[in-house]
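# Observations on the three-dimensional arrangement
Residue strings, one per chain:
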Amino acid sequence: MLRLSLFIRFGGVVALGKFDALHVGHRELAIQASKVGTPFLLSFVGMAEVLGWESRPPIVAKCDRKRVLSSWSHYCGNLALTEFEIEFSSVRRLSPREFVEKLSKDLGVCGVVAGENYRFGYRAAGDAAELVKLCEEYGIGAYIINSVMDKNQCSININSGNPKDRGQVSSTRVRGALAVGDMKYVSELLGRRHRLILKANNQEVFTCIKHKISAPKSCLLNLAPKEGLYENCFLIVGEKLVPGRVVIDTAQIHVEVDDIGASSIFGSEGLKLLCIEFGYSQS
């Protein structure tokens, strides 16, 4: 958690959203924030628990979020992006006015950026227009941007049942693309290759045979694509990308690398973290 004074000291402008997938629409919010101040992402944690939603794995592993945000600095005038988290339970019942007052008085933000479909306040009572009006009253700059639209409407069934879905890039679409194993589509939505991270623990370990490594799905830290064979994948070894292929079955993730020399890492007793990036072809 950041010190609240950072927002005031550095002219903090917060992008508002859920930021589950950190997709290209979220990146656009960060770009706009960087144009008017020091950019921050303001995320709410604990929503599923408070609202009684079914628990589901994140699209981006928590330990990988900093890397993704660092990769966005190139688009944001080389400014560093920081994520600021607020417990959802602490703001759930705030009215739209009370929420903006909290941004102003408690957090000391200088500006906010939100998408045109942004809703806020108790039971999503406030919309983007009200956000602008209230921010003006509290001396906060408000910047509303158009949604980043999905250019690949036909890749999956986009009927999500969400009335706010007008064809914009969304975390729901990313999850849908992963569910059908369309990794090219996933990459277009994210603006990067999907990185899957598995972490071994005392109960579950990685199995290494020659140049193939296998890990149980219980080691997953984020959402995997559907079961199948994925070509053009990469095993992350330090700063090196080792080409290979991935097979996902009902119980395990299997990685077979092309570079036999790189398979020497499989014998390392310290191998506890497995990072895989997915290319575009799947059979």
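Residues numbered from 1 in each chain as written. Predicted model: local features only at pLDDT ≥ 70, side-chain atom pairs only at ≥ 80, totals over all residues. Heavy atoms only, no water.

### Some details on the overall build of the protein
Helix and strand content of the protein: eight helices and twelve strands. Put simply, the protein has 283 residues, and 46% of those count as buried. Across the protein, contacts joining residues at least 24 apart in sequence account for 68% of those joining residues at least 6 apart. Carbon and sulfur atoms form 51% of the exposed surface of the protein, whose accessible area is close to 14400 Å². (Helix = DSSP H or I, 4+ residues; strand = E, 2+ residues; numbered from the N terminus. Buried < 20%, exposed > 50% of the residue type's maximum accessible area, 1.4 Å probe, protein only. Contact = heavy atoms within 4.5 Å. Areas by Shrake-Rupley, 256 points an atom, 1.4 Å probe, with all protein chains shown as cover.)

### Remarks on helix H7 (residues 171-180)
Across the ten residues of H7, seven count as buried, placing the element largely inside the fold. Buried within H7 we find Ser171, Arg173, Val174, Arg175, Gly176, Ala177 and Leu178. The inward-facing, buried residues of H7 abut helix H2 (24-36) and helix H8 (183-190). Backbone geometry just after H7 places Gly181 at a positive phi near 75°.

### Topic: the sheet that holds strand E1 (residues 12-16)
Read across the sheet, five strands follow the order E3-E2-E1-E4-E5 without closing on themselves; strand pairing throughout is parallel. Pairing within the sheet leaves two strands with one partner each, and these edge strands are strand E3 (82-87) and strand E5 (141-145). When strand polarity is set aside, the average angle formed by the axes of neighbouring strands in this sheet is 30°. Across five bridges, the pairing between E1 and strand E2 (residues 38-45) is parallel. Note that in E2 the partner of Ala15 across the bridge is Leu41. (Pairing = 2+ DSSP bridges. Axes fitted to C-alpha atoms, helices over the stretch in contact; angles between N-to-C directions.)

### Some words on empty space enclosed by the protein
For the structure shown, the criterion picks out one cavity of 30 Å³ or more. Forming the boundary of the largest cavity are Ile59, Val60, Asp64, Arg67, Val68, Leu190, Arg192, Arg193, His194, Arg195 and Asn222. Among the residues making up the lining of the largest cavity, the classes are represented as four nonpolar, two polar and five charged. (1 Å grid on protein atoms, 1.4 Å probe; cavity = no way out; pocket = protein on both sides within 12 Å on 5 of 7 lines; lining within 4 Å. Points joined across faces, edges and corners; volume = space filled by probe spheres on them. Nonpolar A, V, L, I, M, F, W, Y, C, P; charged D, E, K, R; others polar.)

### Quick look at the nonpolar core
Considering soluble globular proteins, one finds that nonpolar side chains tend to be buried as a cluster. The biggest cluster of nonpolar side chains holds 51 residues, and the ones touching the most others in it are Leu198, Phe206, Val246, Leu274, Ile276 and Phe278. Non-local contacts of Ile276, meaning those with residues more than four positions away in its chain, are made with His194, Arg195, Leu196, Leu198, Phe234, Leu235, Ile236, Val246, Ile253 and Val255. (Core = buried A, V, L, I, M, F, W, Y, C linked by side-chain atoms within 4.5 Å.)

### Comments concerning the packing of aromatic side chains
Under the counting rule described, the total for this entry stands at four aromatic pairs. Ring geometry for Phe99 against Phe120: centres 5.8 Å apart, planes inclined by 45°, an arrangement best described as tilted. A residue pair is termed long-range when its members are at least 10 positions apart, and Phe99 in helix H5 (residues 96-106) and Phe120 in the loop between strand E4 (111-115) and helix H6 (128-137) qualify at 21 residues. The residues Phe99 and Phe120 share a single accessibility class, namely buried. Linked through ring pairs, Phe44, Phe99, Tyr118 and Phe120 together constitute an aromatic cluster. Here the guanidinium or amino end of Arg27 rests over the ring plane of Tyr75, the centre of that ring lying 4.1 Å away. (Phe/Tyr/Trp six-rings, centres within 6.5 Å; stacked < 30°, edge-to-face > 60°. Lys NZ or Arg CZ within 6 Å of the ring centre and 35° of its normal.)

### A look at the sheet that holds strand E8 (residues 212-216)
Overall, antiparallel pairing links the seven strands, which are arranged E6-E12-E9-E10-E11-E8-E7 in an open sheet. Looking at the sheet topology across the chains shown, the edges are occupied by strand E6 (195-199) and strand E7 (207-209). The average angle at which neighbouring strand axes cross in this sheet is 30°, direction not considered.

### Some details on the environment of Glu137
For Glu137, the location among the structural elements is in helix H6. Each C-alpha atom of the pair Glu137 and Arg97 lies 9.8 Å from the other, and the pair is 40 residues apart in sequence.

### A closer look at the confidence of the model for the protein
Per-residue confidence for the protein gives a mean pLDDT of 88; residues scoring 70 or more make up 87%. Across the protein, H6 holds the top mean pLDDT of 98, while helix H1 (residues 5-9) sits lowest at 54. (pLDDT = per-residue confidence, 0-100.)

### Looking at unusual backbone geometry
You will see that Leu22, though not glycine, has its phi angle at about 50°, which is positive. When you line up the elements, Leu22 lands in the loop between E1 and H2. The residue Asn232 is not glycine, and still its phi comes out positive at about 55°. Its location among the elements puts Asn232 in strand E9 (residues 228-237). For Asn232, a relative accessible area of 45% puts it in the partly exposed group.

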